[in-house]
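In case you want the letters, here they are:
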Amino acid sequence: MNRAPGMSVRLKLTLSYAGFLMVTGVLLLAVVWVFLLRYVPEQTYAPGSSAPGGLGSVFIPNQGDLARAFFPRAIVALALLLVLGLLGGWVLAGRMLSPLRRITHAARRTTGSLPHPIRLEGRRDEFRELADTFDAMLARLEAHIAEQQRFAANASHELRTPLAITQTLLEVARNDPAHDADELIDRLRYVNTRAIDLTEALLVLSRADQGSFTREPVDLSLVAEEATETLLPLAEKHGLTIETSGDVAPTLGSYALLLQLTTNLVHNAIVHNLPEHGSIWVTTSVRAGTVALTVENTGEQLPPQLVSTLTEPFQRGTGRVRGDHAGVGLGLAIVRSIATAHGGTLALAARADGGLRVTVQLPVMQTPGAALRV
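Caption draft 1: Looking closely at empty space enclosed by the protein. According to the stated counting rule, one finds one cavity of 30 Å³ or more in the structure shown. By volume, the largest cavity amounts to about 30 Å³. The wall of the largest cavity is formed by Leu 265, Asn 268, Ala 269, Val 295, Asn 297 and Val 358.

Caption draft 2: Structural context of unusual backbone geometry. At His 277, a residue that is not glycine, the phi angle is positive and equals roughly 60°. With respect to the secondary-structure elements, His 277 resides in the loop between helix H6 (255-271) and strand S6 (278-287).

Caption draft 3: Region of interest: the environment of Pro 99. By the element assignment, Pro 99 lies in helix H2 (residues 63-108). Each C-alpha atom of the pair Pro 99 and Ile 118 lies 9.6 Å from the other, and the pair is 19 residues apart in sequence. Pro 99 has contacts with Leu 120, Phe 127 and Arg 128, leaving out every residue within four places of it along the chain.

Caption draft 4: Geometry of the pattern of salt bridges. For the structure on display, the rule yields three salt bridges. Its salt-bridge partner being Arg 189, residue Asp 186 comes within 3.1 Å of it at the nearest N-O pair. In this pair, Asp 186 and Arg 189 are both assigned in helix H4 (residues 181-210), three residues apart and thus about one turn of the helix distant. Between Arg 357 and Glu 296 there is a salt bridge, and its shortest N-O distance comes to 3.3 Å. Taken together, the residues span a long stretch of sequence, with Arg 357 in strand S9 (residues 356-363) and Glu 296 in strand S7 (residues 290-297) at a distance of 61 residues. Here the residues in one salt-bridge network are Glu 296, Arg 351 and Arg 357, joined through shared partners.

Caption draft 5: Focus on the sheet that holds S9. Spatial ordering of the open sheet is given by S4-S6-S7-S9-S8, a layout of five strands whose pairing is mixed. Single-partner strands in this sheet number two, and they are strand S4 (240-246) and strand S8 (345-350). Looking at each pair of strands side by side, their axes are set apart by 15° on average, direction ignored. In the packing of helix H5 (residues 220-237) onto the sheet, contacts are made with S4, S6, S7 and S9, and the angle to S4 comes to roughly 170°.

Caption draft 6: Main features of helix H8 (residues 331-341). A large share of H8 lies buried, amounting to eight of its eleven residues. Burial in H8 covers these residues: Leu 332, Ala 333, Ile 334, Val 335, Ser 337, Ile 338, Ala 339 and Ala 341. A positive phi of about 75° marks Gly 343, the residue just after H8.

Rules used throughout
Numbering of residues begins from 1 in every chain and follows the order in which that chain's sequence is written. Only residues with pLDDT of at least 70 get local features here, since the model is predicted, and only at 80 or more are side-chain atom pairs given and counted; chain-wide, interface and lining totals rely on the full set of residues. No hydrogens and no water enter the side-chain calculation; it runs on all heavy atoms of the structure. In this analysis the probe radius is 1.4 Å and the grid spacing 1 Å, with only protein atoms considered; a cavity is a set of points the probe fits into but cannot get out of, a pocket is an open set with protein on both sides within 12 Å along at least five of seven lines, and lining residues have an atom within 4 Å of a point. Grid points are joined across faces, edges and corners, and a volume is the space filled by probe spheres set on the points. Counting from the N terminus, the helices are DSSP H or I runs at least four residues long and the strands are E runs at least two residues long. Whether two residues touch is decided by their heavy atoms; if any such pair falls within 4.5 Å, the residues are in contact. Every case where a carboxyl oxygen of Asp or Glu lies within 4 Å of a side-chain nitrogen of Lys or Arg is listed as a salt bridge. Strands qualify as paired when DSSP identifies two bridges or more between them. To obtain an axis, a line is fitted to C-alpha atoms, over the contacting stretch when the element is a helix, and the angle between two such axes runs from 0 to 180 degrees between their N-to-C directions. Categorising residues by exposure relies on relative accessible area from a 1.4 Å probe, with only protein chains included: less than 20% of the type maximum marks a residue as buried, more than 50% marks it as exposed, and the intermediate range marks it as partly exposed.

This is the structure in C-alpha cells:
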C-alpha cells in the first residue's frame, strides 16, 4: 500500500517527551511565582522614610526587582529543559523502539515466501509479546503452507494417475483394433468415475476449509441414521452389520457437510473391516457442552503409528473388504476439515480387539426451542 510520508514514531515520541518536560517546567515556575513571589510587596520604603516600622539602612527588593531577576533565568532554564527534553527524548525513544525496528527488519527479510522469525530475547513486555505472537503466527503459517504444498503434490499425483491410465487404455485400443470395445468402455468408465470422485472430494475439502456454508440446527442422530441407511446395502453385501443408537445430538452447522462427514466415517468403517462377519457401531451422545458422534468398526489390529497418520490426505489404511470401494484417500481428511470448520475435534483410536474408533465432537446447540433439521 502506497502511503504519503509522515512523521516518524521516534520523532513523535521525542516531541512528546520534550513537550511534557516543558509543560512540567512551566508549571513548576508558575507555582514558584504564584505561591512565593506574590507575597513580596510591589513597593518598598527607602531608608529614613516615614514608613511605619522602617528598617533603617536595610535594602528590601520589591516584586519588580525579583521579577527582573527571575524571568531571564527562568527562560534560560526552560531553554535548557527543551534541549534536554529533545536530546533525552530522542535517545529514550530510540531505545524503546529498537525492538519494534527489529520486528520490522525481520518481517522485511524473506526466505522464500516467509520472513525470518524474530526470537526477541529479554523479559516479557508488550514488544516481546508482539514478537512472540509474530513468531507463533509464522510457525503456523509455515506449517499451513507446507501442508498445502504437500496436499497439492499429492492431489496432482492422484489426478495424474487416472489420466495416465486413460491415455494408456486409449493407446492400447488404437494399436489393437481387435480389442474388446465393451471391456475398454467399462475400464474407462471405472477410471473416469474414480477421477470424478476425487474431484468432488477435493471440492468438498476446499469448501470445508474455507468455511463457506450456512449454519442451521442439525440433529446428529438423524444424520447418522440417514448415512447408515444409505450405506446399509453395501455393508450387507459384504456380510457386515451396522448398529445405530444414541441420544438426540443437536448442533449448528451445514446438514450437507455433516452428512458427508458421517457418510465418510461409515464408509471408511465398511471398507476397513473384516472380510466377513464384521460389525460397525454408530452412536451419538451429548456431553458437557458438546455432542459426540462415534463410529467403531471391527478389523485388523492397527499400530498407533498408522492411526496417527490416517487423517492425512491420501493416506490409505489396510484391510479393505474390497478394492473397488477403496475411496480416494480423502475420507478422514474431509472429516477432519468439516469437524474443524464446525468448531469441533476429531479423535482416532485403535480398538483393543482390532479395528478403529473415531469420535467427532461438536459444540452443542444452546438455543432453546430451535427447530432441528430433519
